[in-house]
Amino acid sequence: MILINFYYYRVLFGYEGQTNCLKVVSKGCDGIEEMCEDLNSGKIMYAFAKVNDPRTSLDKCVLINWQGEGANTVRKGMCANHLRDIEKFFSGAHLTINARNEEEVEPELIIEKLKKGGSEYRFKVRVEPMEPSGPVGTTYQRVNPVKEINSQERDKFWRKEEEEERKRLEEEKKKKQEESYKLELEIAQREEKGNKAAR
């Protein structure tokens, strides 16, 4: 068996009673075996540890989502939603391992998982600070109706509208008079024809 200086820093969190508050259960520089002693098969816990990847000789961070086999099923379901927040908190984790028993957190198994999936080293992209820009301007100007509307133009517009309305009314009146005259003429012609036929 090859001896590996596996964990040289680790911390283990657990829920305080039935609350959703996490507290530190144990921490230290001892190995994974020491941490496994603190894992409780009836609880939901989270471990964060630095691992030395023998393939690259670089330090990797591993997050362990421990859901003990004897943990309450309802509690497991509730805490499943917390994992995303835990992963955000430990944003430097290269690999997340879901474990239910001690066999799933064996050092050799974790190293193997690092080799398969999470062995690429993640560098955070450095964002250069932007030069502070001046105040943002706008071309918007508030509309002032009194200034925007020319009173002379407005009066001219309404005079024109009134004139057009007056002409329209006159034409309508004239048309009605013509129709009335035609109607009277038709009646008179019918009466005249009736009188001639009676003679």
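On a predicted model such as this, the values are computed, not experimentally measured, just so you know.

Draft legend 1. Quick peek at the overall build of the protein chain. For the protein chain, the count of helices and strands is six helices and five strands. Reading the secondary structure of the protein chain in the N-to-C direction produces β-β-α-β-β-α-α-β-α-α-α. Going through the 199 residues of the protein chain one by one, you find that 26% of them count as buried. Put simply, 63% of the contacts in the protein chain that link residues at least 6 apart link residues at least 24 apart.

Draft legend 2. A look at the UniProt feature "coiled-coil region" (unreviewed entry) in the protein chain. Feature annotation in UniProt places "coiled-coil region" (unreviewed entry) on residues 159-191, given in this structure's numbering. Here residues 159-191 is 100% helix and 0% strand, with 48 Å between the C-alpha atoms at its ends.

Draft legend 3. Molecular detail of the pairing of strand S5 (residues 95-99). Residues Leu95, Ile97 and Ala99 of S5 are buried on one face, while the alternating residues Thr96 and Asn98, pointing to the opposite face, are not. In terms of strand pairing, strand S4 (residues 58-67) meets S5 through five bridges, oriented parallel. Note on S5: the bridge partner recorded for tryptophan 66 is alanine 99.

Draft legend 4. Geometry of the packing of aromatic side chains. Taken as a whole and judged by the stated rule, the model has five aromatic pairs. Judged by centre distance (5.7 Å) and plane angle (50 degrees), the rings of phenylalanine 13 and phenylalanine 90 are tilted. Taken as a pair, phenylalanine 13 in strand S1 (residues 7-15) and phenylalanine 90 in the loop between helix H3 (83-89) and S5 lie far apart in primary sequence, 77 residues in all. Judged on exposure class, the residue phenylalanine 13 and its partner phenylalanine 90 are both buried. Measuring from ring centre to ring centre gives 5.1 Å for phenylalanine 157 and tryptophan 158, while their planes differ by 70 degrees; the resulting arrangement is edge-to-face. For tryptophan 158, a relative accessible area of 49% gives the class partly exposed. Joined through ring pairs, the aromatic side chains of Phe13, Phe48, Phe89 and Phe90 make up one cluster. Note that arginine 75 overlies the ring of tyrosine 15, its terminal NZ or CZ placed 4.7 Å from the centroid.

Draft legend 5. Main features of a negative patch on the surface. Taken together, the side chains of Glu34, Glu37, Asp38, Glu69, Glu102, Glu103, Glu106 and Glu108 make up a negatively charged region of the molecular surface. Considering every element that reaches the negative patch, the biggest residue donor is helix H1 (residues 32-38), with three residues. Looking at the secondary structure, you find glutamate 103 in the loop between S5 and helix H4 (107-118). Given a relative accessible area of 55%, glutamate 103 falls into the exposed group.

Draft legend 6. Structural view of the environment of histidine 94. By secondary structure assignment, the location of histidine 94 is in the loop between H3 and S5. We classify histidine 94 as buried; its relative accessible area is 8%. As for histidine 94 and aspartate 59, which are separated by 35 residues in sequence, their C-alpha atoms are 9.8 Å apart.

Draft legend 7. Seen up close, helix H2 (residues 73-80). When H2 is considered as a whole, its buried residues turn out to be Arg75, Lys76 and Cys79. For H2, the arc enclosing every buried residue in end-on projection is 105 degrees, short of the 170-degree limit, so these residues lie on one face. In H2, the exposed positions that point more than 90 degrees away from the buried face belong to Thr73 and Val74. N-cap assignment for H2: the residue whose side-chain oxygen lies 2.7 Å from the backbone N of valine 74 is asparagine 72.

Draft legend 8. Summary view of the environment of asparagine 101. Take asparagine 101: it is sitting in the loop between S5 and H4. When its relative accessible area of 19% is taken as the criterion, asparagine 101 is described as buried. Counting along the chain gives 60 residues from asparagine 101 to serine 41, while the straight-line C-alpha distance between them is 7.1 Å. Every residue in contact with asparagine 101, bar those within four places of it in the chain, is listed here: Trp66 and Glu69.

Draft legend 9. Looking closely at the pattern of salt bridges. Counted under the stated rule, the structure contains six salt bridges. The shortest N-O distance in the salt bridge between arginine 154 and aspartate 155 comes to 3.7 Å. Using a relative accessible area of 42% as the deciding quantity, one classes arginine 154 as partly exposed. For aspartate 155, a relative accessible area of 35% gives the class partly exposed.

The rules we used
Residues numbered from 1 in each chain as written. Predicted model: local features only at pLDDT ≥ 70, side-chain atom pairs only at ≥ 80, totals over all residues. Heavy atoms only, no water. Helix = DSSP H or I, 4+ residues; strand = E, 2+ residues; numbered from the N terminus. Buried < 20%, exposed > 50% of the residue type's maximum accessible area, 1.4 Å probe, protein only. Contact = heavy atoms within 4.5 Å. UniProt positions renumbered as here; feature names shortened; annotations may be inferred. Pairing = 2+ DSSP bridges. Phe/Tyr/Trp six-rings, centres within 6.5 Å; stacked < 30°, edge-to-face > 60°. Lys NZ or Arg CZ within 6 Å of the ring centre and 35° of its normal. Patch = residues over 30% accessible without salt bridge, like charges linked within 9 Å, V, L, I, M, F, W, Y side chains within 5 Å. Areas by Shrake-Rupley, 256 points an atom, 1.4 Å probe, with all protein chains shown as cover. Salt bridge = Lys/Arg side-chain N within 4 Å of Asp/Glu carboxyl O. Lys, Arg positive; Asp, Glu negative; His and termini not counted. Charge placed at Lys NZ, Arg CZ, Asp CG, Glu CD. Arc of directions from axis to C-beta. Polar contact = N/O pair within 3.5 Å; in protein donor to acceptor, adjacent residues only side chain to side chain.

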